[in-house]
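# Survey of secondary and tertiary structure
Spelled out, the chains give:
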Amino acid sequence: DSELRRLLVTGGAGFIGSNFVRYWRNTHPRDRVVVLDALTYAGNRANLADLEGKDNFRFVEGDIRDRALIETLLQENAIDTIAHFAAESHVDRSILSPDAFIQTNVVGSFALLNAFRTIWEERGKPQHNRFLHVSTDEVYGSLNPDDPPFSETTPYAPNSPYSASKAGSDHLARAYHHTYGLPTIITNCSNNYGPYHFPEKLIPLTCINILLGKVLPVYGDGQNIRDWLYVEDHCRALDAVIHRGQPGETYNIGGNNEVKNIDLVRLLCDLMDELAPDLPTRPAQDLITFVKDRPGHDRRYAINATKIKTELGWTPQETVERGLRRTIEWYLAHLDWWKPLLSQDYQDYYRKVYRA
Ligand code: NAD
């Protein structure tokens with residue numbers, strides 16, 4: 001459809017949310033975008049600095065559990081589309097302290113669905129409205145090496161408090177379509193990487209530690225497999241889903257790029273040796289250190305993205321090597337973005353997780 005949209009983007013100051021907002025404004029400049037974000041440790045207004053004060057853009061600091069606030073925002077801004085990214089997103093943090101994951105991912109998503117339902121019903125259930133629930137492939141659990149990749153019909157088997165909380169919200173989004181007819185759509189995507197990725201996650205952590213000459217912790221035997229997708233490819237997929245996806249459906253999104261963690265870290269080391277001048281340790285691979293495995297660590301994730309490819313015509317455009325080069329170049333050019341994020345709180349968290 002070519003109609004203008006008015007989007008509420010929850011979690012728009014986080015990694016994928018901020019990339020999505022920037023992508024959306026470049027691709028659909030006449031649409032209005034309102035960001036709602038609670039600015040937790042992972043939310044950062046600097047991620048949207050270039051958009052502040054621009055036409056058709058508004059930032060609101062607030063919590064998705066605040067149903068009254070959300071109803072007001074939906075009405076005031078005549079929102080027709082919610083792109084729901086807000087979440088606690090880091091598996092290691094969910095193992096240390098799961099409470100916030102249930103609060104934001106389950107209770108918060110529930111509040112958002114209820115607020116959207118109220119307004120959607122008051123308006124007479126407009127066809128054009130959408131609630132996009134952005135979720136993860138981790139809800140499907142772990143694959144063995146020879147298993148086929150996850151499809152939309154793979155049974156849910158979440159293994160971490162994070163994936164269990166996301167599974168809970170996926171089920172609510174699905175039920176709100178089934179029971180009330182709410183136009184919800186769920187996407188389950190593989191691991192993203194790219195600019196504005198918080199330092200705790202594997203790819204930025206590896207790049208930043210190499211720049212600082214710190215050891216590169218690799219969990220267990222390093223043989224865990226993830227399917228990596230460049231964040232802009234994810235944003236393009238979500239665009240296709242918002243404009244052409246069917247309410248009530250689920251779409252899996254993946255890059256067809258299965259890589260073992262240890263191979264990914266080695267590739268990053270090689271790229272850093274090539275791209276970064278004056279590294280404290282060369283070759284960077286000398287910094288690799290195997291550490292005690294994450295409890296309950298899923299072995300392998302892989303996505304079958306045939307449905308979104310055939311029904312909505314989406315395909316990823318970035319290769320892993322090119323996407324990693326772009327990402328590294330961004331981190332090398334944005335020390336002023338990531339250095340302030342390595343706060344005392346971050347150091348405390350880091351020591352707890354890696355016992356380092
Ligand atoms: P992130 O942690 O970088 O960002 C989350 C954002 O949500 C932050 O800006 C934070 O301030 C905000 N937030 C947290 N709690 C909130 C609350 N109660 N109210 C309002 N805002 C709140 O996460 P991300 O990596 O950008 O992930 C975004 C979404 O995509 C999540 O729902 C995640 O489950 C999903 N996802 C992520 C990946 C990935 O690889 N990162 C892959 C698939 C799906």
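The name given to the protein in an unreviewed UniProt entry is dTDP-glucose 4,6-dehydratase, with Lusitaniella coriacea LEGE 07157 as the source organism. Quoted verbatim from the Catalytic activity (unreviewed entry) field of UniProt, the annotation for the protein is "dTDP-alpha-D-glucose = dTDP-4-dehydro-6-deoxy-alpha-D-glucose + H2O".

Note: strands within a sheet are paired through backbone hydrogen bonds, in either parallel or antiparallel orientation. A sheet is described by the order of its strands in space; here three strands give the open sequence β7-β9-β11, paired in mixed fashion. Each edge of the sheet is formed by a strand with only one pairing partner; in this case those strands are β7 (191–193) and β11 (258–260). Direction aside, the axes of adjacent strands within the sheet are offset by 50 degrees on average. Sheet topology places strand β9 (residues 225–230) next to β11; three bridges connect them, and they run antiparallel. Of the residues in β11, the one forming a bridge with R226 is V259.

As a matter of local geometry, the ligand sits amid 31 residues, with G11, G14, A42, G43 and A87 nearest to it. When residues of the shell around the ligand are traced back to their parent elements, those giving at least two are α1 (15–27), α4 (99–122), β5 (130–136) and β7. The residue makeup of the shell around the ligand, split by class, is 13 nonpolar, 13 polar and five charged.

Across the seven residues of β5, seven count as buried, placing the element largely inside the fold. Of the two faces of β5, the one holding R130, L132, V134 and T136 and the one holding F131, H133 and S135 are both buried throughout. One ladder, built from four bridges, connects strand β4 (residues 81–84) with β5; its direction is parallel. Across the sheet, the residue bridging to A83 is L132, located in β5.

Feature annotation in UniProt assigns "domain: NAD(P)-binding" (unreviewed entry) to the following positions: residues 8–327. When the span residues 8–327 is considered, its composition is 40% helix and 17% strand, and the gap between its end C-alpha atoms is 27 Å.

Once that is clear, we can look at α1. A rise of 1.5 Å per residue sets the reference length of α1, with its 13 residues, at 18 Å; its end C-alpha atoms lie 18 Å apart and thus fit the reference within 8%. Within α1, burial applies to F15, I16, G17, S18, N19, F20, V21, R22 and W24. Packed against the buried residues of α1 are β1 (6–10), β2 (32–37), β4, β7 and α7 (231–244).

Pairing is parallel in the open sheet, where seven strands are placed in the order β3-β2-β1-β4-β5-β6-β10. Pairing within the sheet leaves two strands with one partner each, and these edge strands are β3 (57–61) and β10 (250–253). The average undirected angle you get between the axes of adjacent strands in this sheet is 20 degrees. Sheet strands touched by helix α5 (residues 161–180): β5 and β6 (184–189). Its angle to β5, the strand with the most contacts, is close to 155 degrees. The strands that α7 touches are β4, β5, β6 and β10; relative to β5, the one it contacts most, it runs at about 145 degrees.

One can describe the packing of helix α2 (residues 67–76) onto α4 by two numbers: an axis separation of 9 Å at closest approach and a directional angle of 40 degrees. Our classification of the angle between α2 and α4 gives oblique. Crossing angle aside, the handedness with which α2 passes α4 is right-handed. Residue-level inspection shows R67, I70, E71, L74 and Q75 of α2 in contact with α4, the latter providing A111, L112, N114, A115, F116, T118 and I119. Of the residues in the contact of α2 with α4, the class split is seven nonpolar, three polar and two charged.

Thresholds applied
Residues numbered from 1 in each chain as written. Predicted model: local features only at pLDDT ≥ 70, side-chain atom pairs only at ≥ 80, totals over all residues. UniProt positions renumbered as here; feature names shortened; annotations may be inferred. Pairing = 2+ DSSP bridges. Helix = DSSP H or I, 4+ residues; strand = E, 2+ residues; numbered from the N terminus. Axes fitted to C-alpha atoms, helices over the stretch in contact; angles between N-to-C directions. Near = placed C-beta within 6 Å. Nonpolar A, V, L, I, M, F, W, Y, C, P; charged D, E, K, R; others polar. Buried ≥ 20, exposed ≤ 12 C-beta atoms within 10 Å, placed from the backbone. Expected span 1.5 Å × (residues − 1). Contact = placed C-beta atoms within 7 Å. Parallel < 35°, antiparallel > 145°, perpendicular 65-115°, else oblique. Left-handed = near helix turned anticlockwise from the far one by under 90°.

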